[in-house]
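Each chain, letter by letter, is given below.
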Amino acid sequence: GINAEYGEAGEVGQSSGLLLYYGNTVCDDGFSDNSAIAICREMGYSGFHSWRNGQFFDIQASLDIGLDDVVCSSGSWDSCSSTTSHNCAHSEDVHLNCVP
């Protein structure tokens, strides 16, 4: 499914890092705070602390971009639409910091 990896260790209980969808990165087109909340909740967290975009890890270059246009009308994953086709570069990869 969806998870965050390769992040710097955050505070205890936080999940922080490169957002992955089935092992592929997620592009920031259409991404919003609603998207961040919905994804953190879907991963079992209560919300998010922050998100940013960029290429910060060497591993990103070897991954495919697997999800784009993650548009959420609320903080619920059910409200989100997305596509697995993209028009992105890894400089647009989403990094997400979720909180318990």
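The structure this text deals with has already been given above.
In this report, we go over the structure that sits alongside the text. None of these values were measured; they are calculated from a predicted model. All residue numbers refer to positions counted from 1 along the written sequence of the respective chain. This being a predicted model, a pLDDT of at least 70 is required before a residue's local features are given, and a value of 80 or more before pairs of side-chain atoms are given or counted; all residues contribute to the totals for chains, interfaces and linings. With hydrogens and water excluded, all non-hydrogen atoms of the structure serve as input to the side-chain values.

## Quick notes on the environment of D69
Counted only if it meets this: Working definition: helices are DSSP H or I runs of at least four residues, strands are E runs of at least two. Numbering for both runs from the N terminus. For every residue, the accessible area (1.4 Å probe, protein chains only) is compared with the maximum for its type, and the residue is labelled buried under 20%, exposed over 50%, or partly exposed between those bounds. Contacts between residues were defined by any pair of non-hydrogen atoms, one from each residue, lying within 4.5 Å.
In this structure, D69 sits in strand β5 (residues 65–72). With relative accessibility at 33%, the residue D69 sits in the partly exposed group. As for D69 and C80, which are separated by 11 residues in sequence, their C-alpha atoms are 9.4 Å apart. The residues touching D69, leaving out its near neighbours within four places in the chain, are D29, S81, S82 and T83.

## As for the state of the cysteines
Inclusion rule: Throughout, a disulfide means two cysteine sulfur atoms within 2.5 Å of one another.
By the definition in use, this model includes three disulfides. Disulfide partner of C40: C98, at an S-S distance of 2.0 Å. With the S-S bond torsion at -85°, the cross-link from C40 to C98 turns out left-handed. Within this pair, whereas C40 is found in helix α1 (residues 33–42), its partner C98 is found in strand β7 (residues 94–99), the two being separated by 58 residues in sequence. When sorted by exposure, C40 lands in the same class as C98, which is buried. Assigning the bonded cysteines of the protein chain consecutive numbers by sequence position, one obtains the connectivity 1-5, 2-6, 3-4.

Note that every value here comes from positions in space, so none of it alone points to a role or purpose.
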